[in-house]
Amino acid sequence: MVTSYSTLEKILEEKFDEILGAQRTLLYIKKDDGSFESIKTNESIKDVEIRETLNSYFEEKESVQQLHLITSYSSDQTDINLSNKNIQLLVPLVYEGQLIGALVVFAKKSEALYSDEEIQAIETVSYSLSIGIQNAKEFEAVQKEQEQNERIMESISEGIVVLNDNGSIVDVNKSFQNIFALTDHEVQKIIGGHHSFIFDFTNEQGNVLPNDLIDRALTDFKEIQKNVRLRVKSKPELWKPVTLRISLLATKKGKITSEAQKHSGLVMTVYDRSDEEE
């Protein structure tokens, strides 16, 4: 499955530049504001002109039903001039009834025209490109969301531990690492481990608590807030007085039923109370 624009660029090179002998191919993505953007990071002046031509051409089209592959030598080429840019094919890329990009195919290196069979093959590949663009867009959106979440995690002064619905640790932030004086290597060792193998709890009198605080939140769907002493097992000498808050990470949308109450994990927030005790 295509998951990035660089993968799409590789497909273009293999399918068009090498197999069909095209001088060049350009792939443009339609952005949310309706304008087109090349997947190449560096555009030449001519590439910018082509992008502006596409913006004007597609802006005048009222529906995707008006869109079809056109060639520089087709009889219906009345509203866009391709030949003066050495372009032979313009292929609109449509996904689920929406225009999401455009493929520009330059003339062949041999200067021969594309045959009907080659044009048909290009149209077939363009369908795959449309799916690839959609996948790449979704992948990029997920990446941006992850990066934003990471920035938020690192900006929080309290210790944060993210657990999945099995109770295994997915991530910790820098503040948690600092509270328990963990090295980067020690952090990597606890990622993926089950919480019962990572943490120990006592009450404020030092009595060991059953390690089911997290399990209760996972099964009862209730937030838990408790003053405890907590340690990471790999640091047995370092007990920290903390206020522990365990809350659901996310719930599934839908009707309030037992099935809909399933969640994707927990967030464990650790408020260090060491200064208060001193």
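Keep in mind it's a predicted model, so treat the numbers as computed, not measured.

Some details on the side chain of S247
Relative to the elements of secondary structure, S247 occurs in strand β10 (residues 240–248). The contact partners of S247, leaving out residues within four places of it in the chain, are E223, G265, L266 and V267.

So, the sheet that holds strand β9 (residues 224–232)
If you walk across this open sheet you meet the six strands as β7-β6-β11-β10-β9-β8, and the pairing is antiparallel. In this open sheet, the two edge strands, each paired with only one partner strand, are β7 (169–172) and β8 (199–202). Pairs of neighbouring strands in the sheet enclose a mean axial angle of 35°, with direction left out of account. Of the strand pairs in this sheet, β10 and strand β11 (residues 265–272) are connected by seven bridges, and their pairing is antiparallel. Paired with S247 across the bridge in β11 is V267.

Considerations on the pairing of β11
In terms of residue burial, β11 counts as a mostly covered element, since six of its eight residues are buried. Sheet topology places strand β6 (residues 159–164) next to β11; six bridges connect them, and they run antiparallel. Bridge assignment links V161 to a residue of β11, and that residue is M268.

Some remarks on the pairing of β10
With seven of nine residues buried, β10 is to be regarded as a mostly interior element. Sheet analysis places β9 next to β10, joined by seven bridges and oriented antiparallel. Across the sheet, the residue bridging to N227 is T243, located in β10.

Section: the nonpolar core
The nonpolar side chains of a soluble globular protein tend to be buried, and buried together. Membership of the largest hydrophobic core comes to 28 residues, with the highest contact counts inside it found for F176, F199, L230, L244, I246 and M268. L20, L27, I119 and L129 belong to the second largest nonpolar core, which has 22 residues in total.

Considerations on helix α7 (residues 213–220)
Listed as buried for α7 are L213, I214, A217 and L218. One side of α7 carries all its buried residues, which in axial view fall inside an arc of 140°. The secondary structure elements touched by the buried residues of α7 are β6, α6 (195–198), β8, β9, β10 and β11. Two residues or fewer after α7 comes F221, characterised by a positive phi angle close to 60°.

Description of the pattern of salt bridges
As enumerated under the stated definition, the model contains seven salt bridges in all. For K233, the salt bridge goes to D200, with nearest N and O atoms at 2.6 Å. Linking K233 in the loop between β9 and β10 with D200 in strand β8, this pair joins segments that are 33 residues apart in sequence. The partly exposed category is assigned to K233, whose relative accessible area is 32%. The buried category is assigned to D200, whose relative accessible area is 16%. Each of the salt bridges in this network shares a partner with another, and the network as a whole consists of D200, R231 and K233.

Let's talk about helix α3 (residues 116–155)
With 40 residues, α3 ought to run about 58 Å at 1.5 Å a step, and its terminal C-alpha atoms sit 58 Å apart, in line with that. Turning to α3, its buried residues are E118, I119, I122, S126, L129, S130, G132, I133, Q134, N135, A136 and M153.

Some details on the confidence of the model for the protein chain
As a general rule, the predicted coordinates of low-pLDDT regions are not to be interpreted in detail. For the protein chain, mean pLDDT is 79; residues scoring 70 or higher make up 85% of the total. Predicted confidence in the protein chain is weakest over helix α8 (residues 274–277), with a mean pLDDT of 66, and strongest over helix α5 (residues 184–190), with 91. Contacts from residues 251–261, a stretch scored under 50 in pLDDT, to residues over four places away or in other chains number six contacts.

Concerning the side chain of S126
Tracing the backbone through its elements, the reader meets S126 in helix α3. Taking relative accessible area as the criterion, S126 reaches 8% and is therefore assigned buried. Apart from the residues lying within four places of it in its own chain, the contact partners of S126 are V91 and L93.

Looking at the packing of aromatic side chains
Inspection of every chain in the model, using the stated rule, returns four aromatic pairs. With a centroid separation of 6.5 Å and 50° between ring planes, the pair formed by F199 and F201 is classed as tilted. Each member of the pair F199 and F201 is classed as buried. Pairwise contacts between aromatic rings join F176, F180, F199 and F201 into one cluster.

The rules behind the values
Every chain begins its residue count from 1, and numbering advances along the sequence as written. Owing to the predicted nature of the model, reporting of local features is limited to residues with pLDDT of at least 70; listing and counting of side-chain atom pairs is limited to 80 or more, with chain, interface and lining totals taken over all residues. The basis for every side-chain value is the complete set of non-hydrogen atoms in the structure, without hydrogens or water. For helices the rule is a DSSP run of H or I covering at least 4 residues; for strands it is a run of E covering at least 2, with both sets numbered from the N terminus onward. In this analysis, two residues are considered to be in contact whenever any of their non-hydrogen atoms come within 4.5 Å of each other. Whether two strands pair comes down to DSSP finding at least two bridges between them. A fitted line through C-alpha atoms serves as each axis, taken over the contacting stretch for helices, and the angle formed by two N-to-C directions is quoted from 0 to 180°. Classification of residues uses two cut-offs on accessible area relative to the type maximum, computed with a 1.4 Å probe and protein chains only: under 20% is buried, over 50% is exposed, and between them is partly exposed. Note on terminology: a nonpolar core comprises buried Ala, Val, Leu, Ile, Met, Phe, Trp, Tyr and Cys residues joined through side-chain atoms within 4.5 Å. The arc in question is formed by the directions pointing from the helix axis toward the C-beta atoms. Note on definitions: salt bridges are taken to be side-chain nitrogens of Lys or Arg within 4 Å of carboxyl oxygens of Asp or Glu. One less than the number of residues in a helix, times 1.5 Å, gives the span that helix is expected to have. The quantity known as pLDDT measures the predictor's confidence residue by residue, on a range of 0 to 100. The aromatic pairing rule takes the rings of Phe, Tyr and Trp, using the six-membered ring of Trp, and pairs them if the centres are within 6.5 Å, calling planes under 30 degrees apart stacked, those over 60 edge-to-face and the rest tilted.

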